[in-house]
Amino acid sequence: MVTAVGRSVPRRDGASKVTGEARYTDDLVVPGAWYGQTVRSTIARGTITAIELDPAFDWSRVVVVTAADIPGDNVVQLIRDDQPVLARLGGEIRHKEEPILLLAAEDRSTLQEAAEHIRIQYAMQEPVFDLERATEVYTRIEIRKGEVVEVEEGVEVVTRTFRVGLQEQLYIEPQGAIAYPNEQGGMTVVGSLQCPYYVHRALKRALKLSDEQAIVIQAETGGGFGGKEEYPSMVAIHAALLARKAGRPIRLIYDRHEDLAATTKRHPGVITHRTGVNKDGTLVFQDIDILLDGGGYCTLTPVVLSRAAIHATGPYSCPNVRIRARAVATNTPPNGAFRGFGAPQSLFAAELMVEHVAERLGRASVDLRRRWMLRLGDTTATGQKLTESVGSELVLDAALKAAPHVGTSARRHLRRGRGLSLVFHGSGFTGSGEKKLSGTVAMEALADGTFQILTASTEIGQGTRTIFCQLAADALGVAIERVRVAPQDTSKVPDSGPTVASRTAMIVGRLVQEAASEIKARLLQHKERLPLRVERSYIQPESLHWDEATYQGDAYPIYAYACTIADVEVDMITGIVRVTDLISAVDCGKALHPVLAEGQIEGGGLQAVGWATIEEIKMKDGAYQNDRLATYLIPTALDAPRIRTILVENPYSRGPFGAKGIGELPMDGPAPAIVAAIHDATGVWLDEIPATPEKVLAACASR
Amino acid sequence: MRFTLNGRDSSVEGSGSRRLLDVLREDLRHTGTKEGCGEGECGACSVLVDGEVVNSCLVAVGQVEGRQVVTIEGLQSPLQQAFIEYGAAQCGICTPGMLLAAYVLLQRTRRPSEDDVREALAGNLCRCTGYTKIIEAVLSCAT
């Protein structure tokens with residue numbers, strides 16, 4: 001029999017997606033459903049002094065929900081209990097677009113009319129928008145290895161500060177949920193989401209429901225990229241509160257404007273490196289300061305900061321490291337999960353730092369990378385000894401081999417350049433995360449000879465549904481057609497953990513493989529009665545140790561590596577940077593499905609190109625100025641470079657068939673490679689992205 | 001109002017100023033046409049009107065009176081299989097519009113270049129794929 005793993009089998013959801021049959025949240029027909037809407041704050045900081053419903057308006061046609069209608073805790077359950085479901089009368093407002101009221105009506109025009117008859121009054125306070133002046137700190141992290149000596153004979157010290165901006169996930173399907181009262185006396189929510197059990201927990205807490213009463217079902221989801229990690233909990237609770245009060249189903253579907261204006265973005269940051277190096281190029285110390293802007297509420301900020309800090313050295317071995325990281329509160333909408341989760345920010349700085357040190361020493365940066373790179377047996381900043389599958393040199397060699405010659409431009413105002421970056425990305429949750437979570441999957445052998453995988457891991461385009469079937473089919477030794485993934489419905493599937501952190505294929509996929517192997521063994525050994533169900537939960541390998549207090553130990557089970565080479569063309573008249581070619585060599589452990597793996601690298605790569613070049617959010621008084629798709633630009637097919645992916649297989653012993661998680665890794669490499677390419681083309685260094693025409697021209701002019 | 005939808009006569013009641021997108025999705029239950037932005041930027045709502053790609057969020061249903069409308073539900077093209085094989089559909093939300101835009105290109109240009117494909121798809125945003133596999137899939141269908 002032909003095995004499935006390693007082959008690019010047709011994706012499971014392919015046929016329904018190319019025919020229009022796939023049903024996303026807003027495609028679902030729900031008889032009797034009313035439309036919901038969110039009324040939001042128009043100030044960045046203050047308190048609500050009055051919520052006035054115009055008595056002249058006929059409110060009998062409208063359902064209104066305020067904080068007083070919340071049966072449970074007025075908290076969106078996540079890490080810290082700071083974010084309310086709805087700001088209450090007399091309560092604090094911490095950012096613009098903060099939800100205050102919910103409305104529902106039978107038709108959209110009534111809803112619109114009702115919204116116009118609400119007045120909210122505030123007592124204003126002075127907001128904080130500048131992260132470098134913010135004083136409220138969400139979280140601090142310090143990582144130490146060896147000792148950073150301030151001044152040492154013969155050591156060159158290079159210091160540089162880098163800045164990265166906000167970025168919108170821009171899944172093409174906006175946020176949305178449909179809620180309806182269920183037979184358990186609770187609420188069922190169907191929505192566009194990455195993490196069914198995050199939403200389940202949040203729903204239980206805010207609506208005071210039992211495990212059984214709260215049911216969360218994932219509809220087909222039109223992209224996530226982290227943007228549907230935490231925010232769907234808010235949307236789901238809002239829809240459920242309206243459905244509870246209305247006693248009928250509610251559709252709460254955001255339009256693009258609301259989605260851009262109100263939902264989370266990538267954390268902006270300021271990162272300063274001080275690198276000590278000997279004249280011969282030996283790395284002596286890395287002293288790194290990281291500042292991230294969490295926005296108005298904490299959301300996932302502590303974990304984002306953690307990933308930023310752990311990746312801040314780049315994939316290099318340095319005897320003396322000090323990383324001081326903090327995330328602060330400002331009065332902007334909260335920042336949250338976005339592919340890479342802090343690592344793209346800190347790796348941008350780390351990789352450009354290699355360039356600056358190389359320039360100071362008058363050496364080729366690629367030689368420094370080769371000299372400094374993590375190799376088998378080396379230890380990271382957290383003291384983690386790398387004992388297997390270190391692909392840094394493999395990806396560097398593969399990318400360099402594939403890089404074509406950069407041609408000279410025929411037109412003199414167009415300058416071409418090339419840049420390179422080397423990055424790593426920890427697969428799975430940080431530290432003890434997987435151990436605490438202990439994600440579970442179930443597998444069923446059914447009487448008709450088919451097999452079903454029960455998992456809360458979601459398909460959001462990356463291919464979960466297909467890869468899990470491949471893994472199970474090969475572990476069972478059956479044709480892939482006999483295996484399917486059950487729908488992501490919390491009343492039916494166990495909690496496999498969230499679909500985040502490059503953990504789904506590697507961590508949950510391994511559980512699928514193990515559960516399938518157990519089913520196979522039991523079917524072979526005994527005459528088992530069908531259906532047969534097997535559950536498998538994650539058990540932390542004994543060799544992995546992590547100390548949360550000291551930030552020492554095995555920060556991740558394993559790291560994936562990537563080398564990116566970017567070619568750019570800079571128009572010296574307009575300042576426009578065009579990325580023409582992108583080569584990514586990626587150590588993925590094992591390519592379970594080469595086409596899907598390439599799809600992750602190409603798609604993530606282009607998101608990074610956008611972040612580095614054109615995706616800019618302009619802030620004014622705590623609001624995003626370009627909160628429409630006409631003004632927030634992402635790369636089109638015309639803007640996108642030719643992208644070439646090289647999959648390097650360097651198996652990881654505990655990954656399924658050797659695979660490592662690579663979902664986020666492609667977001668890390670392109671930005672520093674592009675900025676290095678801009679320098680190659682123009683001779684100027686940008687310390688900040690996006691590399692907009694204004695910044696490029698200003699940098700060239702000040703040279 | 002009467003128009004032809006995927007080869008069949010279709011009639012809808014109500015104001016001619018309603019968005020074609022809403023009429024297709026809500027009255028006619030053709031939900032393969034998606035709303036990504038509602039202002040003609042993303043192309044997720046692309047449909048064909050008399051063989052031209054239009055953003056159905058910017059078209060009033062009155063404007064298609066007596067005309068031929070084709071949505072993803074009416075498409076039968078080798079492009080669909082190619083999109084599956086080449087990995088051109090990931091989350092799938094842009095796929096219906098992308099397929100229709102590619103279909104029109106291949107109707108007009110039997111052997112498009114890579115640049116032709118990029119140009120033809122420039123009105124359809126995809127956030128998942130980086131476009132590489134979409135372009136490969138379209139080129140594979142050139143005859």
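Residues numbered from 1 in each chain as written. Chains lettered and ligands numbered in written order. Predicted model: local features only at pLDDT ≥ 70, side-chain atom pairs only at ≥ 80, totals over all residues.

What about helix H3 (residues 95-108) of chain B?
Each turn of an α-helix holds 3.6 residues, which means side chains three or four residues apart point in the same direction. The following threshold applies: Counting from the N terminus, the helices are the DSSP runs of H or I reaching at least four residues and the strands are the DSSP runs of E reaching at least two. For a helix, the expected span equals 1.5 Å multiplied by the residue count minus one. Once C-beta atoms are placed from the backbone, each residue is buried if 20 or more other C-beta atoms lie within 10 Å of its own, exposed if 12 or fewer, and partly exposed for counts between those two.
Its 14 residues give H3 of chain B an end-to-end C-alpha distance of 20 Å, which sits within 8% of 20 Å, the value for a rise of 1.5 Å per residue. Looking only at H3 of chain B, the buried set comprises Thr95, Pro96, Gly97, Met98, Leu99, Leu100, Ala101, Ala102, Tyr103, Leu105 and Leu106 of chain B.

Structural notes on the environment of Leu437 of chain A
Note that Leu437 of chain A resides in helix H10 (residues 433-437). As for Leu437 of chain A and Gly20 of chain A, which are separated by 417 residues in sequence, their C-alpha atoms are 36 Å apart.

Quick word on the nonpolar core
Residue and element names in this part refer to chain A. Here is the rule we go by: When buried Ala, Val, Leu, Ile, Met, Phe, Trp, Tyr and Cys residues are joined through C-beta atoms within 7 Å, the set is termed a nonpolar core. A residue pair is marked as a contact if its C-beta atoms, positioned from the backbone, fall within 7 Å.
Grouped together as the largest cluster of nonpolar side chains are 271 residues, with contacts concentrated most on Leu203, Ala236, Ala239, Ala472 and Ile674. Per element, the largest residue contribution to this core is eleven residues, and it comes from helix H4 (residues 231-246). Apart from residues lying up to four places away in sequence, Leu203 is in contact with Met187, Val189, Leu209, Ala214, Val216, Ala236, Ile237 and Ala240.

Points about the domain arrangement of chain B
Residues and elements named next belong to chain B. To be explicit about the condition: Domain boundaries shown here were taken from an automatic or database domain assignment. Each residue gets one of three labels, nonpolar for Ala, Val, Leu, Ile, Met, Phe, Trp, Tyr, Cys and Pro, charged for Asp, Glu, Lys and Arg, and polar for the others, Gly among them.
Taken domain by domain, chain B comprises domain 1 (2-74) and domain 2 (78-140). The C-alpha-based centres of domain 1 and domain 2 are spaced at 20 Å. With 14 residues of domain 1 at the interface, the matching set in domain 2 holds eleven residues. If one sorts the elements of the side of domain 1 that touches domain 2 by residue count, strand E3 (residues 46-49) sits on top with three residues. Here the side of domain 1 that touches domain 2 is built from residues that sort into seven nonpolar, six polar and one charged.

Overview of the interface of chain A and chain B
Listed by partner, the interface residues are 42 residues for chain A and 40 residues for chain B. The leading source of residues in the side of chain A that touches chain B is helix H13 (residues 594-613) of chain A, at seven residues. When grouped by side-chain class, the residues that make up the side of chain A that touches chain B number 19 nonpolar, twelve polar and eleven charged.

Section: the packing of helix H11 (residues 464-476) of chain A against helix H12 (residues 504-525) of chain A
Residue and element names in this part refer to chain A. Put simply, the rule reads: Between N-to-C directions, angles cover 0 to 180 degrees, with each direction set by a line fitted to C-alpha atoms, over the stretch in contact for helices. Working rule for handedness: look at the near helix, and if it is turned counterclockwise from the far one by less than a right angle, call the crossing left-handed; if clockwise, right-handed.
Viewed as axis vectors pointing N to C, H11 and H12 meet at an angle of 35 degrees, and their least axial separation amounts to 8 Å. The element H11 and its partner H12 pack so that their crossing is right-handed. Counted together, Thr464, Ile467, Phe468, Leu471, Ala472, Ala475 and Leu476 of H11 and Thr504, Ala505, Gly509, Val512, Gln513, Ala516, Ser517, Ile519 and Lys520 of H12 form the full contact between these two elements. Along the lines of polarity and charge, the residues of the contact of H11 with H12 split into ten nonpolar, five polar and one charged.

Focus on the domain arrangement of chain A
Residue and element names in this part refer to chain A. Assigned domains of chain A: these are domain 1 (14-23 + 433-537), domain 2 (32-127 + 170-262) and domain 3 (269-430 + 549-701). At the junction of the two partners, domain 1 supplies 19 residues and domain 3 supplies 20 residues. For the side of domain 1 that touches domain 3, the secondary structure elements donating two or more residues are H10, H11 and H12. The dominant element in the side of domain 1 that touches domain 3, judged by the number of residues it contributes, is H12, at six residues. Its residues placed into classes, the side of domain 1 that touches domain 3 shows eight nonpolar, eight polar and three charged.

Re the sheet that holds strand E24 (residues 577-587) of chain A
Residues and elements named next belong to chain A. The condition is simple: Strand pairing follows a simple DSSP-based rule, namely that at least 2 bridges must link the two strands.
As summarised here, the arrangement of the four strands in space is E16-E23-E24-E27, forming an open sheet in which the pairing is mixed. This sheet does not close on itself; its edge strands, each paired only once, are strand E16 (414-427) and strand E27 (642-648). Pairwise comparison of adjacent strand axes, ignoring direction, gives a mean angle of 15 degrees for this sheet. One ladder, built from 14 bridges, connects E16 with strand E23 (residues 558-571); its direction is antiparallel. Bridge pairing links Leu414 to Asp571 in E23.

Structural notes on the pairing of strand E11 (residues 214-218) of chain A
Two faces, one strand: in a regular strand the side chains alternate between the faces of the sheet. Residue and element names in this part refer to chain A. Let me state the cut-off plainly: Whether a crossover is right-handed comes down to one check: with the strands pointing away from the viewer, does the path from the first strand over the helix to the second run clockwise; if it does, it is right-handed.
The buried count for E11 comes to five of five residues, which makes it a mostly enclosed element. The two faces of E11 match: Ala214, Val216 and Gln218 on one face and Ile215 and Ile217 on the other face are all buried. Bridge analysis of strand E10 (residues 187-191) against E11 gives five bridges, and the strand direction is parallel. Considered in E11, the bridge of Thr188 is made with Ile215. This β-α-β element, E10 to helix H3 (residues 196-207) to E11, shows right-handed connectivity.

A closer look at unusual backbone geometry
Trans peptide bonds make up the majority, and among non-glycine residues the majority have a negative phi. Residues and elements named next belong to chain A. Of note, the amide linkage connecting Leu530 to Pro531 takes the cis form, showing an omega dihedral of 0 degrees. Among the secondary structure elements, Pro531 is positioned in the loop between H12 and strand E20 (532-537). Across the junction of Ile689 and Pro690, the peptide omega takes the value 5 degrees, indicating a cis bond. Among the secondary structure elements, Pro690 is positioned in the loop between helix H14 (670-682) and helix H15 (693-701). Despite not being glycine, Lys208 has its phi angle at roughly 55 degrees, a positive value. Along the polypeptide, Lys208 turns up in the loop between H3 and E11. On the basis of neighbour count, Lys208 is assigned to the partly exposed category, with 14 C-beta atoms found within 10 Å.

Some thoughts on the sheet that holds E3 of chain B
Residues and elements named next belong to chain B. Pairing is mixed in the open sheet, where five strands are placed in the order E2-E1-E5-E3-E4. Whereas interior strands pair on both sides, the edge strands pair on one side only; in this sheet they are strand E2 (8-11) and strand E4 (52-55). Averaged over all neighbouring strand pairs, the angle between strand axes comes to 40 degrees, with direction disregarded. Of the strand pairs in this sheet, strand E1 (residues 2-5) and strand E5 (residues 68-70) are connected by two bridges, and their pairing is parallel. Looking at the pairing, Thr4 lines up with Gln68 of E5.

Regarding the environment of Asp259 of chain A
Residue and element names in this part refer to chain A. Mapped onto the fold, Asp259 is located in helix H5 (residues 256-262). Spatially, the C-alpha atom of Asp259 lies 9.7 Å from that of Glu168, the residues being 91 residues apart in sequence. Leave out the neighbours within four places in its chain, and Asp259 touches Pro174, Gln175 and Tyr254.

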